[in-house]
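Examination of the molecular architecture
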Amino acid sequence: MLHSRDISEIGRSAKSYCEHTARTQPTLSDIVVTLVEMGFNVETLPAYAKRSQRMVITAPPVTNQPVTPKALTAGQNKPHPPHIPGHFPEFPDPHTYIKTPTYREPVSDYQVLREKAASQRRDVERALTRFMAKTGETQSLFKDDVSTFPLIAARPFTVPYLTALLPSELEMQQMEETDSSEQDEQTDTENLPLHMSTDDAGPEKENTSVLQQNSSLAGSRNGEENVIDNPYLRPVKKPKIRRKK
Amino acid sequence: MNRKKGDKGFESPRPYKLTHQVVCINNINFQRKSVVGYVELTIFPTVANLNRIKLNSKQCRIYRVRVNDLEAAFIYNDPTLEVCHHESKQRNLNYFSNAYAAAVSAVDPDAGNGELCIKVPSELWKHVDELKVLKVHINFSLDQPKGGLHFVVPNMEGNMAERGAHVFSCGYQNSTRFWFPCVDSYSELCTWKLEYTVDAAMVAVSNGDLVETVYTHDMRKKTFHYMLTIPTAASNISLAIGPFEILVDPYMHEVTHFCLPQLLPLLKHTTSYLHEVFEFYEEILTCRYPYSCFKTVFIDEAYVEVAAYASMSIFSTNLLHSAMIIDETPLTRRCLAQALAQQFFGCFISRMSWSDEWVLKGISGYIYGLWMKKTFGVNEYRHWIKQELDQIVAYELKTGGVLLHPIFGGGKEKDNPASHLHFSIKHPHTLSWEYYTMFQCKAHLVMRLIENRISMEFMLQVFNKLLSLASTASSQKFQSHMWSQMLVSTSGFLKSISNVSGKDIQPLIKQWVDQSGVVKFYGSFAFNRKRNVLELEIKQDYTSPGTQKYVGPLKVTVQELDGSFNHTLQIEENSLKHDIPCHSKSRRNKKKKIPLMNGEEVDMDLSAMDADSPLLWIRIDPDMSVLRKVEFEQSDFMWQYQLRYERDVVAQEEAILALEKFPTPASRLALTDILEQEQCFYRVRMLACFCLAKIANSMVSTWTGPPAMKSLFTRMFCCKTCPNIVKTNNFMNFQSYFLQKTMPVAMALLRDVHNLCPKEVLMFILDLIKYNDNRKNKFSDNYYRAELIDALANSVTPAVSVNNEVRTLDNLNPDVRLILEEITRFLNMEKLLPSYRHTITVSCLKAIRVLQKNGHVPSDPALFKSYAEYGHFVDVRIAALEAVVDYTKVDRSYEELQWLLTMVQNDPVPYIRHKILDMLTKNPPFTKNMESPLCNEALVDQLWKLMNSGTSHDWRLRCGAVDLYFTLFGLSRPSCLPLPELGLVLNLKEKKAVLNPTIIPESVANNQEPVNSTNNHGQSVGFQNTFSNSQEEEEIDMDTVHDSQAFIYHHLNMLERPSTPGKEQSSGEINMHPVSAAPLSVFSKESNSSKHSDHHHHHHHEHKKKKKKHKHKHKHKHKHDTKEKEKDPFVFSNSPASARSIRSPSLSD
């Protein structure tokens, strides 16, 4: 009779042999060598297998799995992926692990979007200006009413040209944003139908060309700076008399 | 031609030649707004007996004059300070203008005169006789100059450099005398050495090459040394000092740009284009830029947008812009190009005399036009020419003519070539600003006519010749006849043209340059079917003011079915009708394509045509080769064909204007087609918008479909899916951008049957504002938003007023409420996120004024007055002031008028002062033929004072005041004044009952011949006689002694300053600095004599006063007085007021 110890020894040795020959799955010959090594007469095996009073082990009786009530299933259970053997239990019902983020259906209607953006901006602006008007000095168009159309009072600047000429911070920000997407906009212009007659396209064409020049200019400038000889860049001289001393 | 003897030489009006001048400004105080410095002029006498040197100087305080290191006495007399000295009650503009012209003449450097007269010390007389060099050294200072130099000192914390304080020279024409003594003429050239010592944080920019910059010993200041070796007129010398940021042009290292702190990024962008302008001019002129360097300076509170000086230009800082700004870009580039054109013609090449100014302005304007053509295209160029032509034509018809080359025969009043004007055109300084702008406009148009005649190639050869002669001359050492090659004269220019081209352009010059006026054509035609001939009738109006008769060739272009044909008609004295044979038989072959002028062949729908006639359209003078206005009659379908198929933008614009009179569905269709055509020039399309609005209004009862342009706008600019929402802004295509801006403005002009703006249109515009989204746009939308506000303003119609109720919120029209809501929000947002040049504020202010004017909002100037204050951006101030001016007119407010006039006198910004007068003249509170409560004696006195003495520091302002006075009161005595009693007496005596008694000058005017040869006299007298003569001469400068009193009074005022080094004479009679012993004796004698005559005059004066009381009794006495005066050699002279009044036109006939 075979001991369970022997069986495990056979398995272990067979695995060792197979690994020794750089394989992963033991073959028949590995087992034969193992048995031989253990001092087992292999040749007796076929006769032993064909013995008359051999015991037959029947397959375990199949018990019916309890049927889960329909009401509780939610969705289709996921089939096993190939790396999980078929006998493993099935996945649980999807509702136990699938997450469903809940938000309202996104508004994709362009018209509504524009409408919203416009009124939102308008509300913000109105609220802001009203606040500014309430907290500061105001002017009014109607003598009897100062609150319906409050105008923030005009206040003179010390240097009026600065605010008038320099782009506001918001615009600067926009500039940067559009600059980063300039690449595709440039191509956009090229794609624009060039239907303008050569006569009147003058200012437009230049404008774009200047924009391009400008960016190239910034690069080339640094290198040149050292070479430029301009009287306004020369160092200021020390007074002459001091030099004589 | 009034050339001075021969073409070769330029004869200087001065008895000496200036060769070199040093200007040294060693102290500039921004806090006190003062300047201290000296000048040194190197002069060579050209006559042996030169004993006095006349120079120009205004408002400078002169401490000391030395000639070759010897102290010299000097007299300072400026008759332009107060034009009419007597507290005269004349108040008539004719009188004033004559007196003013005389005053300007009296100090005109081109006539050898000047305000400052320096006596050559007697020790040097021998030296002078040998014609040896004299060095005139003048120490001077300027304290709070009101003109010539402008200080900008922001009121804030920090030192001057941190505050961005700066100063620059400015002025109209030759105004250099306002900031240093010089020969302020464009014809006196010399080399220059300029030195400015400024704070170490500042930069001084001036003419010529910066040789070196040296620290002062305390290292706190530095001195900028400039050398200008090219002979240059003092009038072309300029200066700008400030804490400028410096940018060397990356393309041309000899070009340097300067701007105020923080604006460097804008400067970089703005000037990045300049090198192309340089290249263009150098190429067409085949001549290098004449100076070795060029500087552009951008400053605040500019006098004019562009001012060109030798090797530098001063620009308004408001021309700077970033890459996001569309609208300003072409405007700024134009300014740069203009400035550069004037570097060649105007700065490098100067003029011989004022009457040659047109050549310089003409050439610089002409080459600027060539640049426009190359840069912006032929369409833009032709559009511009048409615009300029329309302007000059309108101005000449209004005022009676612009004369480019005035010829003054001997200075006689009768020969005054511009008697139709209320000012003299003899001097640039007496000229109305508007006249001068129109003068420049006409000059370049005439240059274009010359080009048409001799071809552009020859034209450019002529310019090249002028330039190369000048540059040869400029490199020469001082030789007077060589340097005069750098001066251009009319005759020299014409000679050059005839040499180069071999063509005679004399008739052209005679027509447009030597005489004023434009041509007015009326054309109509009939088609004679039998003869297959076009019978064209061309009439002229040459009797109205500002017109002239045209005789010569005239081109007519006829578009027929078979093609376009040019015909040249000879316009002669009596021929009105011209028969032009037609080439095509009418309607032979319907299917054929129709050839156009440019060779293109097009299909046309000919169903609209007259079946009998082969004529599609006719154009008179299509090339604009005559300065004219054409009123031509042809039927509506012809205009429509012209609009659709003629390729010339000028023809298209003309057709659009003509179609306004034909409100038919066909016109509507033609205009809409043009609007949609993307190949069409954008300005034509913009114009079509406004015409379409007018036509729609005329057709209001039969109009079908949505309001004009609405569906078109929707198709072009709104989303496909939701047509009521405009696309997010994308202004990459500029043509669309301009159209998108214009269409709502034009749409808002639509009116329904009740003459109201249709609700649909208003809602549409409000939606445009609401949905405007610029986040994805590369460009700023400030101009677009501003125009949307303009559109809102355009939609406003007069309020229906019930019993003149007071406007309150409760009875506010709901539409107006919506509009106000938007305006309020926009105006308030501007405070938080200001737009470029505050365009939105400007539009809001205008819209508010429109609402006030239409009675929706109570009329009130308070808001505008707060925006008009100093410290707001200049565009905003102008818009606000315009509203105040309008308010003054509509509400006849004396208070506001006073407020405006106070600002004219006191505002720190010269441009604003000028602009207020300009706006008041254009939109006057009343005119001469109008009854108005505003028209009273006090106002007359106030304005009189303003032009008489209040504006002596700014030529432009004074002429502006004269313009306003003319508009309000006309040429003669204002009607609101009581009749002058004295004038009546004189009249009776001289038996001139026909004359209007109100325009008789004062009694001082008698039949005396004025001593007008004083200068020559003085010079011809040998110096032995000087002693005896000097008395007379001194007196001569001073008019009557009474006058001199007034004058002295002025000077005393001027001299009432603490730190006068030279002590004043105790008598205080004459402003003289007797520093050396020899002249002192002479002068003391003089002062005695003048004192004497002063007494004498007092006597006179008393008599006059008495006379007023008992006039008839003293008639005789008066006569006696006059005689007495005649005897007195000291009393009268060629002083402006008296001399002119003698020859006043009212008496001469």
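Parameters at a glance
- Residues numbered from 1 in each chain as written.
- Chains lettered and ligands numbered in written order.
- Predicted model: local features only at pLDDT ≥ 70, side-chain atom pairs only at ≥ 80, totals over all residues.
- Heavy atoms only, no water.
- Helix = DSSP H or I, 4+ residues; strand = E, 2+ residues; numbered from the N terminus.
- Buried < 20%, exposed > 50% of the residue type's maximum accessible area, 1.4 Å probe, protein only.
- Contact = heavy atoms within 4.5 Å.
- Areas by Shrake-Rupley, 256 points an atom, 1.4 Å probe, with all protein chains shown as cover.
- Salt bridge = Lys/Arg side-chain N within 4 Å of Asp/Glu carboxyl O.
- Pairing = 2+ DSSP bridges.
- Core = buried A, V, L, I, M, F, W, Y, C linked by side-chain atoms within 4.5 Å.
- Axes fitted to C-alpha atoms, helices over the stretch in contact; angles between N-to-C directions.
- Phe/Tyr/Trp six-rings, centres within 6.5 Å; stacked < 30°, edge-to-face > 60°.
- Buried area = accessible area lost by both parts, 1.4 Å probe.
- Polar contact = N/O pair within 3.5 Å; in protein donor to acceptor, adjacent residues only side chain to side chain.
- UniProt positions renumbered as here; feature names shortened; annotations may be inferred.
- Patch = residues over 30% accessible without salt bridge, like charges linked within 9 Å, V, L, I, M, F, W, Y side chains within 5 Å.
- pLDDT = per-residue confidence, 0-100.
- Parallel < 35°, antiparallel > 145°, perpendicular 65-115°, else oblique.
- Left-handed = near helix turned anticlockwise from the far one by under 90°.
- Nonpolar A, V, L, I, M, F, W, Y, C, P; charged D, E, K, R; others polar.

**Considering the overall build of chain B**
Along the backbone of chain B there are 36 helices and 31 strands. Expressed as a percentage of the 1149 residues in chain B, the buried residues total 63%. The contacts of chain B with a sequence gap of at least 6 include a subset with a gap of at least 24, amounting to 72%. In the structure as shown, chain B presents an accessible area of about 42,800 Å², 52% of it carried by carbon and sulfur atoms.

**What about the overall build of chain A?**
When helices and strands are counted, chain A shows nine helices and two strands. Counting only residues that meet the buried cut, chain A has 23% of its 245 residues in that class. Excluding contacts between residues fewer than 6 apart, the proportion of contacts in chain A whose partners are at least 24 apart in sequence is 8%. For chain A, the accessible surface area stands at approximately 18,900 Å², while carbon and sulfur atoms represent 59% of it.

**Digging into the pattern of salt bridges**
Tallied over the entire structure, the rule returns 55 salt bridges over all chains. A salt bridge links Glu-212 of chain B to Lys-237 of chain A; its shortest N-O distance comes to 2.7 Å. Placement of the pair is Glu-212 of chain B in strand S13 (residues 209–215) and Lys-237 of chain A in the loop between helix H8 (202–224) and helix H9 (240–244), with the two residues belonging to separate chains. Among the residues examined, Lys-237 of chain A registers a relative accessible area of 34% and is labelled partly exposed. The partner of Glu-760 of chain B in a salt bridge is Lys-710 of chain B, with the nearest N and O atoms 3.4 Å apart.

**A word on the pairing of strand S16 (residues 245–248) of chain B**
All names here are of chain B. As paired strands, S16 and strand S17 (residues 255–259) are joined by four bridges and run antiparallel to one another. Opposite Ile-246, over in S17, you have Phe-258 as the bridge partner. Where S16 folds back onto S17 in an antiparallel hairpin, the turn is made up of six residues.

**Notes on the nonpolar core**
Ranked by internal contacts, the top residues of the largest apolar core, which has 361 residues, are Ile-118, Tyr-281, Phe-345, Trp-358, Ile-450, Phe-463 and Phe-493 of chain B. When residues no more than four places from it in sequence are discounted, the contact partners of Phe-345 of chain B are Leu-285, Leu-360, Ile-363, Ser-364, Ile-367, Phe-463, Leu-466 and Leu-467 of chain B.

**A look at the sheet that holds strand S19 (residues 306–309) of chain B**
All names here are of chain B. If you walk across this open sheet you meet the five strands as S16-S17-S18-S20-S19, and the pairing is mixed. Two strands close off the open sheet at either side, each with one partner strand: S16 and S19. Averaged over all pairs of adjacent strands, the angle between strand axes in this sheet comes to 15°, irrespective of strand direction. Inspection of the sheet shows strand S18 (residues 294–299) paired to strand S20 (residues 312–316) by five bridges, in the parallel sense. Across the sheet, the residue bridging to Phe-298 is Phe-315, located in S20. The strands that helix H4 (residues 264–271) touches are S16, S17 and S18; relative to S16, the one it contacts most, it runs at about 30°.

**Brief notes about the packing of aromatic side chains**
Residue and element names in this part refer to chain B. Taken as a whole and assessed by the stated rule, the structure comprises 51 aromatic pairs over all chains. Taking the centre distance of 5.9 Å and the plane angle of 80° together, the rings of Tyr-289 and Phe-344 count as edge-to-face. Here Phe-344 lies in helix H6 (residues 328–344) and Tyr-289 lies in the loop between helix H5 (274–285) and S18, a separation of 55 residues in the sequence. There is no split in this pair, since Tyr-289 and Phe-344 are both buried.

**Digging into the interface of chain A and chain B**
Contacts between the two partners involve 81 residues from chain A, matched on the other side by 112 residues from chain B. At the boundary of chain A with chain B, total buried surface from both sides reaches about 8,800 Å², with 61% on carbon and sulfur atoms. Considering only the side of chain A, the residues that lose the most area to chain B are Tyr-161, Leu-165 and Tyr-232 of chain A, jointly responsible for 9% of the buried surface there. For Arg-126 of chain A, the salt bridge goes to Glu-821 of chain B, with nearest N and O atoms at 2.6 Å. At the junction of chain A and chain B, the tally comes to 20 residue pairs in polar contact (both at pLDDT 80 or more).

**Structural notes on the UniProt feature "domain: Bromodomain associated" (unreviewed entry) in chain A**
Under the UniProt annotation, the feature "domain: Bromodomain associated" (unreviewed entry) is placed at residues 7–43 of chain A. Helix makes up 65% of residues 7–43 of chain A and strand makes up 0%, while its end C-alpha atoms are separated by 18 Å.

**Section: the environment of His-275 of chain B**
All names here are of chain B. Looking at where His-275 falls in the secondary structure, it is placed in helix H5. C-alpha of His-275 to C-alpha of Val-211: the two residues are 64 residues apart in sequence and 24 Å apart in space. With residues near it in sequence (within four places) discarded, His-275 still touches Tyr-251 and Met-252.

**Description of a nonpolar patch on the surface**
All names here are of chain A. Residues Met-38, Phe-40, Leu-45 and Tyr-48 make up a contiguous nonpolar surface patch of about 340 Å² in total accessible area. You can see Tyr-48 is positioned in helix H3 (residues 44–49). Residue Tyr-48 is classed as partly exposed on the basis of its relative accessible area, which comes to 47%.

**Observations regarding the confidence of the model for chain A**
Parts of the model with low pLDDT should not have their predicted coordinates read in detail. Residue and element names in this part refer to chain A. Of the residues in chain A, 71% reach a pLDDT of 70 or more, and the chain-wide mean stands at 74. Within chain A, helix H7 (residues 182–191) has the poorest average pLDDT of any element, 40, and helix H5 (residues 160–165) the best, 93. Confidence over residues 182–225 falls short of pLDDT 50; this stretch has 58 contacts with residues more than four positions distant or in other chains.

**Points about unusual backbone geometry**
Residue and element names in this part refer to chain B. Phi at Gln-59 takes a positive value of approximately 55°, unusual for a residue other than glycine. In this fold, Gln-59 is placed in the loop between strand S3 (52–55) and strand S4 (61–67). Here Asn-755, not a glycine, exhibits a phi torsion of approximately 65°, which is positive.

**So, the UniProt feature "domain: Transcription factor TFIID subunit 8 C-terminal" (unreviewed entry) in chain A**
The positions UniProt marks with the feature "domain: Transcription factor TFIID subunit 8 C-terminal" (unreviewed entry) are residues 83–131 of chain A. This span, residues 83–131 of chain A, is 45% helix and 0% strand, and a straight line between its end C-alpha atoms measures 66 Å.

**Things to note about the sheet that holds strand S10 (residues 166–169) of chain B**
Residue and element names in this part refer to chain B. On the basis of which strands lie adjacent, the open sheet formed by four strands has the order S9-S10-S15-S12 and antiparallel pairing. The two strands at the open ends of the sheet, each matched to only one other strand, are strand S9 (149–152) and strand S12 (203–206). Adjacent strand axes in the sheet meet at a mean angle of 10° when their direction is disregarded. In this sheet, strand S15 (residues 239–242) lies alongside S12 in antiparallel orientation, the contact comprising four bridges.

**Considerations on the packing of helix H27 (residues 937–950) of chain B against helix H28 (residues 955–969) of chain B**
All names here are of chain B. Where H27 meets H28, the closest approach of the two axes is 8 Å, and the angle between their N-to-C directions is 150°. With respect to each other, H27 and H28 are oriented roughly antiparallel. Like other packed secondary-structure pairs, H27 and H28 cross with a definite hand, here left-handed. Listed contacts from H28 to Leu-939, Val-940, Leu-943, Trp-944, Leu-946, Met-947, Asn-948 and Ser-949 of H27 are Arg-958, Ala-961, Val-962, Leu-964, Tyr-965, Leu-968 and Phe-969. Among the residues making up the contact of H27 with H28, the classes are represented as twelve nonpolar, two polar and one charged.

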